[in-house]
Amino acid sequence: MNRFAIILAAGQGTRMKSKLYKVLHQVCGKPMIEHVVEHVSALDIKKIVTIVGHGAEKVQEFLGDRTEYAHQEEQLGTAHAVVQAEGIIGNEQGTTLVVCGDTPLITPETMKALLENHEKTNAKASILTAFTDDPTGYGRIIRNNEGSVEKIVEHKDASPEELKVQEINTGTYCFDNQALFMALKEVGNDNAQGEFYLPDVIGILKQKGEKVSAYQTEDFEETLGVNDRIALSQAESIMKARINRLHMKNGVTIIDPANTYISKEAVIGADTVIYPGTMIKGKTIIGSDCVIGPNTEIENCKIGDFTEVRHSTMFSSEIGSHVKIGPFAHIRPQSVIHDEVKIGNFVEVKKSIFGTGSKASHLSYIGDAEVGKDVNLGCGSITVNYDGKNKYLTKIEDGVFVGCNSNLIAPVTIGKNSYIAAGSTITDDVPESSLSIARARQTNKLGYIEKKKK
Ligand code: UD1
Ligand code: CA
């Protein structure tokens, strides 16, 4: 059976009170719509059509060619939104899954179960439903005496009796594609909101004597529709908990899951311990037996095994094994830190390479530098890489010892095994195995204070 999917994402999202288009609001570091597209893409689907309206360009920018697009110029309701896909899939035979762009928690497994149940029961339409103690705002599933679905009634159109129903429409459906587009022609907008409701298709098909089935998910949490910022924060904490649970099952210790934020893509090895206040973002890969946090932000980095990162931030960089970073270090993009390196407190590293066993333990700025192996950068070592217009490279070869409070004015090369005396400002290359002193000589004026008193 051919399968198609329609993702509804043209609504303005008035209840968000935002300049940002609703489905672009982020959950766990990614726009809601991207989560939905990922989930739908995990199924065996021939064509995905996303319905876009306001801010369409921005949505398309995020999703690229992962889906096709249909425009809904005016937001006249969810049924009207689905009609916009007719030009692309209207003539197809098969099953069409319809999902909302604002339900980022519905898993591919649940969508798959709905599709399979739909096809197995030979229904023309199937609704994913859920039970909840507080159904406020959701469409209610109205069943007849035999227990089969009659129709869906929106909250604003429901009678007091119907409002008591706790089974809700999750906004996810499967349809026989032909039956869907036929029934859509009969949907009207004579209701409390003056909108064309997609859920009306269920009642229409039922009245035609077609088979309509419902598939109930156990987990109301996953069906949460994000209409306002409160639901947005709920979605964040539900997805966050889900991701954290997965890592814990894989052998990662998370001291305080409520205060640990890990992206969906992150990979973390067993026996790594994550302390509170840590955000692991983007495509970060962390090895095993590491200690991460507390209060650490890591984005798009690759980290080896047995590495410690405490109270620090790092972005788009590669860090080896047995490395110690922090507290209070900042590793900026395109840095490569090899094994057994130490980057200590108040050290900023930018677009630099650190060879195995090198150290910058305190108060340094190392930018556009190639640091060899077993180099010691003393407290306050600075690469002077920028003249206000251009950036220049500093090369510090293997075994160099840079004394405290030294300025290395790039472009400059410090040869293998050399020493830089503390307080030097180095402007010229230093040859291998030499000592370079570049500071004014000290003069002591004897008896100066006594003379001054007189
Ligand atoms: C909808 C359902 C409701 C269900 C709930 C589940 C309708 C009429 N009601 O209500 O039964 O319980 O979802 O979360 O469908 N959209 C468009 N074009 C439009 C209007 C909406 O693309 O003209 C999109 C929105 O961007 C959103 C989705 O459709 O992603 C749902 O719209 P929304 O306004 O959030 O519907 P709800 O009131 O939540
Ligand atoms: Ca909604």
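Residues numbered from 1 in each chain as written. Chains lettered and ligands numbered in written order. Predicted model: local features only at pLDDT ≥ 70, side-chain atom pairs only at ≥ 80, totals over all residues. Heavy atoms only, no water.

1. Description of the pairing of strand E8 (residues 140–143)
No. 1: Where E8 meets strand E9 (residues 149–153), four bridges bridge the pair, whose relative direction is antiparallel. Across the sheet, Ile141 pairs through a bridge with Ile152, a residue of E9.
No. 2: Between E8 and E9, which pair antiparallel in sequence order, lie five residues; one of them, Gly147, sits at a positive phi of approximately 90 degrees. (Pairing = 2+ DSSP bridges. Helix = DSSP H or I, 4+ residues; strand = E, 2+ residues; numbered from the N terminus.)

2. Quick look at the pairing of strand E6 (residues 95–100)
It is a general feature of regular strands that their side chains alternate between the two faces of the sheet.
No. 1: Of all the six residues making up E6, six are buried; the element is thus mostly covered by neighbouring parts of the structure.
No. 2: Residues Thr95, Leu97 and Val99 of E6 are buried on one face, and the alternating residues Thr96, Val98 and Cys100, pointing to the opposite face, are buried as well.
No. 3: Here six bridges tie strand E1 (residues 3–9) to E6, and the two strands are oriented parallel to one another. Across the sheet, Phe4 pairs through a bridge with Thr96, a residue of E6.
No. 4: Relative to strand E10 (residues 167–176), E6 runs antiparallel, the two being bridged by four bridges. (Buried < 20%, exposed > 50% of the residue type's maximum accessible area, 1.4 Å probe, protein only.)

3. With respect to the coordination of the calcium ion (ligand 2)
No. 1: Bound to the calcium ion (ligand 2) are the protein donor atoms Asp102 (OD) and Asn227 (OD1), situated 2.3 to 2.4 Å from the metal. Of the two residues, Asp102 sits in the loop between E6 and helix H5 (108–120) while Asn227 sits in the loop between strand E11 (212–217) and helix H9 (229–249), which places them 125 residues apart along the sequence.
No. 2: Asp102 gets classed as buried once you look at its relative accessible area, which sits at 12%.
No. 3: Residue Asn227 is classed as partly exposed on the basis of its relative accessible area, which comes to 23%. (Donors = N, O, S within 2.8 Å, 3.2 Å for Na, K, Ca; no water.)

4. Here's the deal with helix H7 (residues 177–184)
No. 1: Of all eight residues in H7, six are buried, a share of seventy percent or more.
No. 2: Buried positions along H7 lie against E1, helix H3 (78–83), helix H4 (86–89), E6, E10 and helix H8 (200–207). (Contact = heavy atoms within 4.5 Å.)

5. Structural notes on unusual backbone geometry
No. 1: The residue after Gly326, namely Pro327, is reached through a cis peptide bond having omega 0 degrees.
No. 2: In this fold, Pro327 is placed in the loop between strand E24 (324–325) and strand E25 (330–331).
No. 3: In this structure, Pro411 follows Ala410 across a cis peptide bond, with omega equal to 0 degrees.
No. 4: Inspection of the secondary structure puts Pro411 in the loop between strand E35 (407–409) and strand E36 (412–414).
No. 5: Positive phi, normally seen in glycine, also occurs at Glu340, with a value near 60 degrees.
No. 6: Note on Glu340: relative accessible area 49%, which makes it partly exposed.
No. 7: With phi around 55 degrees, Phe346 is a residue other than glycine that occupies positive phi space.

6. Quick look at the layout of surface pockets
Once rolled over the atoms, a probe with the size of a water molecule shows which space is left empty.
No. 1: Space inside the largest pocket adds up to approximately 1500 Å³.
No. 2: Along the walls of the largest pocket sit 49 residues, with Arg15, Lys22, Asp102, Gly137 and Asn227 positioned nearest its centre.
No. 3: Those elements giving two or more residues to the lining of the largest pocket turn out to be E1, H3, E10 and H9.
No. 4: In the lining of the largest pocket, the residues fall into 17 nonpolar, 23 polar and nine charged. (1 Å grid on protein atoms, 1.4 Å probe; cavity = no way out; pocket = protein on both sides within 12 Å on 5 of 7 lines; lining within 4 Å. Points joined across faces, edges and corners; volume = space filled by probe spheres on them. Nonpolar A, V, L, I, M, F, W, Y, C, P; charged D, E, K, R; others polar.)

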